[in-house]
Amino acid sequence: MKSLKFNSKNFLLYFGLGLTFFLFLTWLIVELTTPKIPLLGFHGIIGREPSAPKSELIEMDYPQQELEIFIEYLVTQNYWFITTQELYDYFLTSAKSIPPEHLNQKPIMLSFDDGYKTVYTHLIPFLDKIEEKYGKKVKIVLFVNPGTLAKAKSTASTHLKCQNLREGLAKGFYDIQSHGLNHKNLTKLTVQELIHELSTAQIQLRKCTAGLDSEQKVASHLAYPYGAYNQRVEYYASKYYLSSYLYNSRILKYSFLRNYYEIPRLTVNRTKSASRLIKMAERSHLIKKS
């Protein structure tokens, strides 16, 4: 009887293949079972009419018709439109228990950066109609630069006015948060300039919404302008805000998130159809009773 010869090359080959398969299987299981929340980042909205005013970042504007299709789908499928404070309280810190009315819902966040007035002129009337039709209120997050808000009597500006923010907040549609004072790249500022951008933005947004925000939730969270941040920016952001948001095309896996100042968001622009956004939304996990 011939003795079997040990072939080290074959052993290493099969061992390597087996290890690769095991790691892939582990990754797949984690990917499929890890709770996720899509946090979508929009900017301005392109109106239906050809002459509709557009923001400076025209390539980032999203078509109104596609947005309405997407939002109505989310409403009819019973999604939970979460705010920045709800994400912080119920999912990041688990400081509060998820209310029973949100069981069997999928959480999602729709955020709009830079404070373009189209999130008022093109969106508020539609959200009014949705509430009247379905009896459900859609809450959206606005990351606003108060330094770029339009003057009260301005008609030419592409940005929101303080009064627009107040109306959307009073109606319960807006979650108003900070995007810095003047949309500057925070990583390029001196410490004094950085503190000014962060602190003054918070002060001015809360002044704008005075009398409508008894729990002082306005400007408690931040989205970094351009998604730009570093360790120093995070440090000073933590002095004024409870959490901060990126703009990096990644979905939030909140059980793995350890740094509340690096919350990922999915980027949205005009190339992504409503059907594609729906697929992104469907990655959200269903909240079940624990």
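Here's what I pulled together on the structure shown here. Note that this is a predicted model, so its numbers are computed, not measured.

A separate point is the nonpolar core. In this structure, Leu 40, Phe 42, Phe 70, Leu 110, Phe 112, Leu 165 and Tyr 174 are the most contacted members of the largest nonpolar core, which totals 44 residues. Setting aside residues no more than four positions away along its own chain, Phe 112 makes contact with Phe 42, His 43, Ile 45, Leu 67, Val 119, Leu 123, Ile 140, Val 141, Leu 142 and Phe 143. Core analysis: the next-biggest nonpolar cluster, separate from the first, contains 19 residues, Leu 39, Ile 82, Met 109 and Ala 223 among them.

Here the focus is helix α3 (residues 84-92). A large share of α3 lies buried, amounting to 8 of its 9 residues. Considered for burial, the residues of α3 that qualify are Thr 84, Gln 85, Leu 87, Tyr 88, Asp 89, Tyr 90, Phe 91 and Leu 92.

On to the pairing of strand β7 (residues 174-178), then. In terms of burial, β7 is largely enclosed, as 5 of its 5 residues are buried. With burial as the criterion, each face of β7 is covered, one bearing Tyr 174, Ile 176 and Ser 178 and the other bearing Asp 175 and Gln 177. Where strand β6 (residues 140-144) and β7 come together, 5 bridges link them in parallel fashion. By the bridge assignment, Leu 142 is partnered in β7 with Ile 176.

To continue, consider the packing of aromatic side chains. Taken as a whole and judged by the stated rule, the model has 10 aromatic pairs. Ring centres of Tyr 224 and Tyr 229 lie 5.3 Å apart, and the angle between their planes is 15°; this geometry places the pair in the stacked category. The interplanar angle of 85° and the centroid separation of 4.9 Å between the aromatic rings of Tyr 235 and Tyr 236 together place this pair among those described as edge-to-face. Looking at Tyr 236, the relative accessible area reads 18%, which means it is buried. An aromatic cluster is present here, built from Trp 80, Tyr 90, Phe 91 and Tyr 254 joined pairwise through their rings. Sitting above the plane of the Phe 173 ring, Lys 137 keeps its charged end 4.5 Å from the centroid.

By the element assignment, Lys 272 lies in the loop between β10 (266-267) and α9 (274-281). Nearest to the buried, unbridged Lys 272 among oppositely charged side chains is Glu 66, at 13 Å. If near-sequence neighbours (up to four positions away) are discounted, Lys 272 is found in contact with Tyr 62, Thr 267 and Leu 277.

Our focus in this paragraph is the packing of helix α7 (residues 191-208) against helix α8 (residues 231-240). For the pair α7 and α8, the least separation of the axes is 10 Å and the interaxial angle reads 35°. Seen along the crossing, α7 lies across α8 with a hand that is right-handed. Contact with α7, carried on its side by Val 191, Leu 194, Ile 195, Leu 198, Ser 199 and Gln 202, involves Arg 232, Val 233, Tyr 236, Ala 237 and Tyr 240 of α8 and no other residues of that element. Grouping the amino acids of the contact of α7 with α8 by side-chain chemistry returns 8 nonpolar, 2 polar and 1 charged.

Another point: the packing of helix α2 (residues 64-76) against α9. Following both chains from N to C, one finds α2 and α9 inclined at 35°, their axes separated by 9 Å at the closest point. For the pair α2 and α9, the crossing hand works out as right-handed. Seen from α2, the contacting residues are Glu 66, Ile 69, Phe 70, Tyr 73 and Leu 74; seen from α9, they are Ala 274, Leu 277, Ile 278 and Ala 281. Of the residues that constitute the contact of α2 with α9, the class distribution is 8 nonpolar, no polar and 1 charged.

Tracing the backbone shows His 285 in the segment after α9. Here His 285 falls in the buried class, since its relative accessible area comes to 17%. A polar contact is formed between the side chain of His 285 and the side chain of Tyr 254, at a distance of 3.1 Å. Residues in contact with His 285, not counting those within four places in the same chain, are Pro 35, Lys 36, Ile 37, Phe 91, Gln 105, Lys 106, Pro 107 and Tyr 254.

Analysis parameters
- Residues numbered from 1 in each chain as written.
- Predicted model: local features only at pLDDT ≥ 70, side-chain atom pairs only at ≥ 80, totals over all residues.
- Heavy atoms only, no water.
- Core = buried A, V, L, I, M, F, W, Y, C linked by side-chain atoms within 4.5 Å.
- Buried < 20%, exposed > 50% of the residue type's maximum accessible area, 1.4 Å probe, protein only.
- Contact = heavy atoms within 4.5 Å.
- Helix = DSSP H or I, 4+ residues; strand = E, 2+ residues; numbered from the N terminus.
- Pairing = 2+ DSSP bridges.
- Phe/Tyr/Trp six-rings, centres within 6.5 Å; stacked < 30°, edge-to-face > 60°.
- Lys NZ or Arg CZ within 6 Å of the ring centre and 35° of its normal.
- Lys, Arg positive; Asp, Glu negative; His and termini not counted.
- Salt bridge = Lys/Arg side-chain N within 4 Å of Asp/Glu carboxyl O.
- Axes fitted to C-alpha atoms, helices over the stretch in contact; angles between N-to-C directions.
- Left-handed = near helix turned anticlockwise from the far one by under 90°.
- Nonpolar A, V, L, I, M, F, W, Y, C, P; charged D, E, K, R; others polar.
- Polar contact = N/O pair within 3.5 Å; in protein donor to acceptor, adjacent residues only side chain to side chain.

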